[in-house]
Amino acid sequence: MNNSLIPVILAGGKGERFWPLSRQDRPKQFLSLDGSSRSLLQATADRLLTLAGGWNNLWVITSSQIAEGVRQQLPDLPKQNLLIELEGRDTAAAVAWTSLEIKKRYGEDAVIGFFPADHWIADQEVFAHTLNAATQLATSTAAIVTLGIKPTFPSTGYGYIEQGEKIDSFNDLPAYHVNRFTEKPNRETAETFLSTGRFSWNSGMFVFRAGVVLEELRTHAPEILEPLEQKGPDIYPLLPKKSIDYALMEKTSLAYVLPVDFGWDDLGDWNAIARLHQKADNPNVELATHIGLDTQGAVVYASNPDDVVVTIGLEDVVIVRDRNVTLIVKKERTQDIKQILKTLQSDPRFTDLL
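Residues numbered from 1 in each chain as written. Predicted model: local features only at pLDDT ≥ 70, side-chain atom pairs only at ≥ 80, totals over all residues. Heavy atoms only, no water.

Details of a nonpolar patch on the surface
Moving on, step 1. Residues I291, L293, V308, V310 and I312 make up a contiguous nonpolar surface patch of about 500 Å² in total accessible area.
Moving on, step 2. Elements supplying a minimum of two residues to the nonpolar patch: β13 (289–293) and β15 (308–312).
Moving on, step 3. Broken down by element, the residue count for the nonpolar patch peaks at three residues, all from β15.
Moving on, step 4. Examined against the element boundaries, I312 turns out to sit in strand β15.
Moving on, step 5. Classification of I312 by relative accessible area gives exposed; the value is 61%. (Patch = residues over 30% accessible without salt bridge, like charges linked within 9 Å, V, L, I, M, F, W, Y side chains within 5 Å. Areas by Shrake-Rupley, 256 points an atom, 1.4 Å probe, with all protein chains shown as cover. Salt bridge = Lys/Arg side-chain N within 4 Å of Asp/Glu carboxyl O. Helix = DSSP H or I, 4+ residues; strand = E, 2+ residues; numbered from the N terminus. Buried < 20%, exposed > 50% of the residue type's maximum accessible area, 1.4 Å probe, protein only.)

Printed below as a string of structure tokens:
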């Protein structure tokens, strides 16, 4: 049985909540948001390359709109390892199609790992140790392994995983059956979850054998798997749009969780930048030339280093200046950026802003 890992990067997202920095010609995964010179996609590939044993075993699945950009970002990725979706149908279709292709090349015992392209990982060594443990579990057991992140605050923006019975330890990390997945809870529920010590954040990272996940998809999501088997990827636009959590993880009895702590953030919106870059001696996160008077709790970003942002008397806002757009939004309303984009899409005057 194959003990190596075939990592797959999920790189099809639009990153709309990072608009106006993230746009159709420059989606979030092509941006460098952690202060390094590497984009989120490149940083994800960097941390997975050693686990993959080199470029030949690293895969990426993305959308047709940004496939050329992925090639430019990852010029060493073999052409045959880039899967291009005709139309985005969420993560269940992406997992199903990629798993079918990997099974064809490596066999049903190939251990596959799925990793979103927009995560920040602090400790690469612990991350690799964790993935080795997940690979051991998936190799030895008919398991769909998810990485559960140890919560650091009662987040209402993440899904949660409740751990059940402990089954064993792998690489000195305990593994548990999953009792249940819970979508984004309210704050009171999140606080209750944390108080029990049994809940992890759902990282959206999964490890399993190709044959195991395909059989589970055949049982729980045949409307996605069977058309792909029969028609191939040309059927993609007609597939149901479902997340892998909804289509499979909430239904399977083979879900296991490894609660881990390697320093993690899902860079979902501008508030994640505040968490990533906040310094104790500065009331604001300044990724621009910022002159502020009585301003605190602000995230200030400008893509042009010559731009100067001046604020007076502001609190808990995000200010982003990029090209011909300035965004000003309360931190608590960053989720509503998607609503603004719908307005822009409906008006031909603003299509160049998307």
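Brief notes about the packing of helix α1 (residues 40–52) against helix α4 (residues 124–140)
Moving on, step 1. Two numbers describe how α1 lies on α4: the axes approach to 11 Å, and their chain directions differ by 45°. Judged by the angle between their axes, α1 and α4 are oblique. Like other packed secondary-structure pairs, α1 and α4 cross with a definite hand, here right-handed. Mapping the contact onto sequence places R47, L48 and L51 in α1 and Q124, F127, A128, L131 and N132 in α4.
Moving on, step 2. Split into classes, the residues belonging to the contact of α1 with α4 amount to five nonpolar, two polar and one charged. (Axes fitted to C-alpha atoms, helices over the stretch in contact; angles between N-to-C directions. Parallel < 35°, antiparallel > 145°, perpendicular 65-115°, else oblique. Left-handed = near helix turned anticlockwise from the far one by under 90°. Contact = heavy atoms within 4.5 Å. Nonpolar A, V, L, I, M, F, W, Y, C, P; charged D, E, K, R; others polar.)

Quick word on the pattern of salt bridges
Moving on, step 1. Under the criterion given, the structure shown has 20 salt bridges.
Moving on, step 2. When the shortest N-O distance is used, the salt bridge between D322 and R26 registers 2.8 Å. Residue D322 is found in strand β16 (residues 317–322), and its partner R26 is found in the loop between β1 (5–10) and α1; the two are separated by 296 residues along the sequence.
Moving on, step 3. D322 sits in the buried class, given a relative accessible area of 1%.

Comments concerning helix α10 (residues 337–345)
Think of an α-helix as turning once every 3.6 residues; residues three or four places apart then point the same way.
Moving on, step 1. All of the buried residues in α10 are I337, L341 and L344. Down the axis, α10 shows its buried residues gathered within 60° of arc, on one side only. The outward face of α10, more than 90 degrees from its buried face, is lined by the exposed residues K342 and T343.
Moving on, step 2. On its buried side, α10 packs onto α9 (270–277) and β17 (325–330). (Arc of directions from axis to C-beta.)

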